[in-house]
Amino acid sequence: MAAPARATPPTAAAVAAAVRSGATTAAQVLEQHLAAIAGREPEIHAFNLVLTEQARERAAAIDATVAAGHDPGPLAGVTIALKDNMCTRGVPTTCSSKILDGWQPPYDATVVNTLRDAGAVIVGKTNLDEFAMGSSTENSAFGPTRNPHDTSRVPGGSSGGSAASVAAGFSQVALGSDTGGSIRQPAALCGVVGVKPTYGYVSRYGLVAFASSLDQIGPFTNSVADAALMLDVIGGHDPLDSTSIPQPHPSLRDAIQQGVEGLRVGRITDLPAGADPDVQERLEAAFDALRAAGATIVDVEVPAFTFGLTAYYLIAPAEASSNLARYDGVRYGLRVEAADTHAMYGATRAAGFGEEVKRRIMLGTYALSAGYYDAYYGKALKVRRLIHDDFDRAYQRADVLLTPTSPSVAFKFGDKGDNPFAMYLCDTYTIPTNLAGHPGMSVPFGTGAEGLPVGVQVLAGTLQEPVMFRAAAALERSLA
Ligand code: GLN
């Protein structure tokens, strides 16, 4: 069950440099990853779809570009796995739901175009909790993904397939989406780097919407430097996404060259309790590491942090109930025939959506309904504002904040299966950031119980990615 540790993989930057210079070929790089997939994918199930032939064609085209004396771009030959809620033209995009059965998007997500232009090779579409609702990838209609470190345990979720793909060496990097922690929590559980950028940093055009005011795309990588490279490529303004920030972002690859001398690192003194002792111990080690690297540790309070979970489980389901209304058997995927149109809608949605998605739609519809709107949805929006303002006050005193990413290491399949609330608690430390619109990232920081990976979360204020990456890079360096 427990897998031997892998040798440190080369960085994406090193792979791209080798492909660009002709020292290796994109085809060779790809074949290594396809061999890893052939070896362990039957046991891990990271993918809903492996795009073997398309990827081979793409790698050959990149090699031809190099041979012709042209530059394929900063991600030349870098293999990437995409969470299966990002639209790929003519390629099934399922959101791990039966309701999208047979649907092929007529367009590519902006990130897909950007990656292609940068020379990346897409190897497949990864498994997720249905419509990104969950923290274990157990809610997929196509069966769970297994954690490459211990296949009796979950990889986290909802981007469990993307995290597992990088951890198992199926792809160099991967993209996920994070609405309440779905990049950072699986990154922590699988021992890789995962970043949720500031809301609006990366285009959401072509990302199937779960909760539009919270969703953000971000990378999974083996190193902080690779995460910086990925965000430098996929970040930036996109006129096709009206919530995309209309300004260029500073280079994160440059930022990580700076140390953390003088940086103020905040410890949240009123953080909700609940992290296991092994996780807490790694967080203390992270504070020590940054102090040793020249940072100052300061105490801050974020009183409304504790209400994040409650506010999220009103706001996110409310938005989801609206976003998912479009799956009605008419325009997308599955249709279950019935006596009349109304009965067809009902039969299609009853057969197409899984249990957790139905729970969210009902929660959200209730929270938005006449008579309850002010008490639930309206109140949750006010709490969201308090969280944002409390964070802003904390960021006057600290440049970054450190918390656990997940309260525990990877748990066993079925452990939280029949208790949705236990599952929701997995996101205690990640959710408030999404509500504030701020960036956050998880950095692997040693191991806890059973030798399983532990992630430390670095948080920062709006568009403070450079300082967040500096702290993350210092944490990584301290382990080297
Ligand atoms: N686990 C959280 C949820 O179930 C967050 C999911 C996400 O970030 N997509 O809603």
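Here the residue numbers are simple positions, counted from 1 along each chain's written sequence. Local features are withheld for residues below a pLDDT of 70 in this predicted model, meaning they are given only at 70 or higher, and side-chain atom pairs are given and counted only at 80 or more; totals for whole chains, interfaces and linings count all residues. Note that the side-chain values use all heavy atoms of the structure and ignore hydrogens as well as water.

Turning our attention to unusual backbone geometry. A cis geometry characterises the amide bond from Gly157 onward to Ser158, with omega recorded as 10 degrees. Numbered from the N terminus, helices here are DSSP runs of H or I no shorter than four residues, and strands are runs of E no shorter than two. Within the fold, Ser158 resides in the loop between strand 3 (121-126) and helix 5 (160-167). Positive phi is not limited to glycine here, since Cys95 has a value of about 55 degrees. Mapping Cys95 onto the fold places it in the loop between strand 2 (79-83) and helix 4 (110-117).

The subject of this paragraph is the nonpolar core. Leu175, Leu402, Met441, Val458, Phe469 and Leu475 are the most contacted members of the largest nonpolar core, which totals 89 residues. Look past the residues within four positions of Leu402 in its chain and what remains in contact with it is Val265, Gly266, Leu283, Ala286, Phe287, Leu290, Val456, Gln457, Val458 and Leu475. Throughout this description, the term nonpolar core refers to a set of buried Ala, Val, Leu, Ile, Met, Phe, Trp, Tyr and Cys residues connected via side-chain atoms within 4.5 Å. Note on classification: 1.4 Å probe, protein chains only; a residue is buried when its accessible area is under 20% of the maximum for its type, exposed when over 50%, partly exposed between these limits. Formed by 61 residues, the second largest nonpolar core is a distinct cluster that contains Ala275, Phe353, Tyr424 and Ala436. What makes two residues a contact is simply this: any of their non-hydrogen atoms within 4.5 Å.

For this document, the term salt bridge refers to a Lys or Arg side-chain nitrogen within 4 Å of an Asp or Glu carboxyl oxygen. If you walk through the whole model with that rule in mind, you get 19 salt bridges. In this structure, a network of salt bridges that share partners links the residues Glu355, Glu356, Arg359 and Arg360.

In this section: the layout of surface pockets. Approximately 340 Å³ is the volume found for the second largest pocket. Site definitions follow a grid-based scheme: protein atoms alone, a 1 Å grid, a 1.4 Å probe that fits but cannot get out for cavities, and for pockets an open set with protein on both sides within 12 Å along at least five of seven lines, plus lining residues having an atom within 4 Å of a point. Lining the second largest pocket are 23 residues, and of these Asn139, Glu355, Glu356, Arg359 and Gly417 lie nearest its centre. Taken together, the elements giving at least two residues each to the lining of the second largest pocket come down to helix 12 (355-368) and helix 14 (420-424). Top element by residues in the lining of the second largest pocket is helix 12. It accounts for four residues. Under the grouping applied here, Gly and all other residues not named as nonpolar or charged are polar, the nonpolar ones being Ala, Val, Leu, Ile, Met, Phe, Trp, Tyr, Cys and Pro and the charged ones Asp, Glu, Lys and Arg. Considered class by class, the residues forming the lining of the second largest pocket number six nonpolar, eight polar and nine charged. Grid points are joined across faces, edges and corners, and a volume is the space filled by probe spheres set on the points.

Let us look at helix 10 (residues 308-323). To estimate how far a helix should extend, the number of its residues minus one is multiplied by 1.5 Å. The end-to-end C-alpha distance of helix 10 is 22 Å, a good match for the 22 Å that 16 residues give at a rise of 1.5 Å each. Judged by how many residues are buried, helix 10 sits mostly within the fold: 14 of 16 residues are covered.

A few words on the site of the ligand. Note on definitions. A residue lies near a molecule or strand when any single heavy atom of the residue is within 4 Å of it. The environment of the ligand is made up of 15 residues, and the closest members are Gly180, Ser182, Tyr312, Arg360 and Asp427. Within 3.5 Å is the distance limit for a polar contact, defined as a pair of N or O atoms, with the added protein rule that one can donate a hydrogen and the other accept it, and that residues adjacent in sequence qualify only through two side-chain atoms. In this structure, a nitrogen atom belonging to the ligand sits 2.9 Å away from a side-chain N or O atom of Ser135. Here an oxygen atom of the ligand sits 2.6 Å away from a polar atom, N or O, in the main chain of Gly180. Computed by Shrake-Rupley with a 1.4 Å probe, the accessible areas treat only the displayed protein chains as cover when residues are assessed. Expressed as a share of its isolated accessible area of 290 Å², the protein-covered part of the ligand is 100%. The cavity that encloses the ligand is the largest cavity. Each residue belonging to the shell around the ligand can be placed in one class, and the counts come to five nonpolar, seven polar and three charged. Think of it this way: if more than half of a molecule's atoms are within 2 Å of a pocket's grid points, that molecule is in the pocket or cavity.

This part covers the side chain of Ser136. Assignment of secondary structure puts Ser136 in the loop between strand 3 and helix 5. Among the polar contacts made by the side chain of Ser136, one reaches the side chain of Glu138 at a distance of 2.7 Å.

The subject of this paragraph is empty space enclosed by the protein. Taken as a whole, this structure holds three cavities of 30 Å³ or more when the rule is applied. As a volume, the largest cavity reaches approximately 70 Å³. Together, 13 residues line the largest cavity, and Ala132, Gly134, Ser182, Tyr312 and Asp427 are the ones closest to its centre. For the lining of the largest cavity, the class distribution of residues is five nonpolar, six polar and two charged.

To pair, rings of Phe, Tyr and Trp, with the six-membered ring standing in for Trp, must have centres within 6.5 Å; the planes then decide the type, stacked if under 30 degrees apart, edge-to-face if over 60, and tilted in the middle. The final tally for this structure, using the stated rule, is 14 aromatic pairs. Aromatic pair Tyr312 and Tyr313: ring centres 4.8 Å apart, planes at 80 degrees, arrangement edge-to-face. Tyr313 carries the same exposure label as Tyr312, and that label is buried. Note on Phe391 and Tyr395: the rings are 6.0 Å apart at their centroids and 10 degrees apart in plane angle, and the pair reads as stacked.

Moving on, we get to the packing of helix 10 against helix 13 (residues 374-397). Axis definition: a line fitted to C-alpha atoms, limited for helices to the stretch in contact. Angles are taken between N-to-C directions and run from 0 to 180 degrees. Relative to each other, helix 10 and helix 13 sit at 125 degrees, their axes nearing to 9 Å. Classified by the angle their axes make, helix 10 and helix 13 are oblique. Helix 10 and helix 13 meet at a crossing whose hand is left-handed. Contacts between helix 10 and helix 13 involve Gly308, Ala311, Leu314, Ile315, Ala318 and Glu319 from the first element and Tyr376, Tyr377, Ala380, Leu381, Val383, Arg384 and Ile387 from the second. A class-by-class count of the residues in the contact of helix 10 with helix 13 yields ten nonpolar, one polar and two charged. Angles below 35 degrees are treated as roughly parallel, those above 145 as roughly antiparallel, those between 65 and 115 as roughly perpendicular, and all remaining angles as oblique. A crossing counts as left-handed when the near helix is turned anticlockwise from the far one by less than a right angle, and as right-handed when that turn is clockwise.

This next bit is on the pairing of strand 8 (residues 296-300). Strand pairing requires that DSSP identify at least two bridges connecting the strands. Alignment of strand 7 (residues 264-268) against strand 8, held across five bridges, turns out to be parallel. By the bridge assignment for strand 8, Arg267 is matched with Asp299. Since strand 7 and strand 8 lie parallel, the crossover through helix 9 (residues 277-292) that links them has a hand, and here it is right-handed. Handedness rule for crossovers: strands pointing away from the viewer, path from the first strand over the helix to the second running clockwise, crossover right-handed.

The subject of this paragraph is the sheet that holds strand 6 (residues 216-221). Taking strand neighbours across the sheet as the criterion, the eleven strands line up as 1-3-2-4-6-5-10-11-9-7-8 in an open arrangement whose pairing is mixed. With partners counted over all chains shown, the strands left at the sheet margins are strand 1 (47-50) and strand 8, one partner each. Put simply, the sheet's adjacent strands are angled 30 degrees from each other on average, direction ignored. Here strand 2 pairs with strand 3 via five bridges, running parallel. Along strand 3, the bridge assignment pairs Lys83 with Thr126. Sheet contacts for helix 7 (residues 224-234): strand 2, strand 4 (173-178), strand 5 (193-196), strand 6 and strand 10 (440-447); angle to strand 6, the most-contacted strand, approximately 145 degrees.

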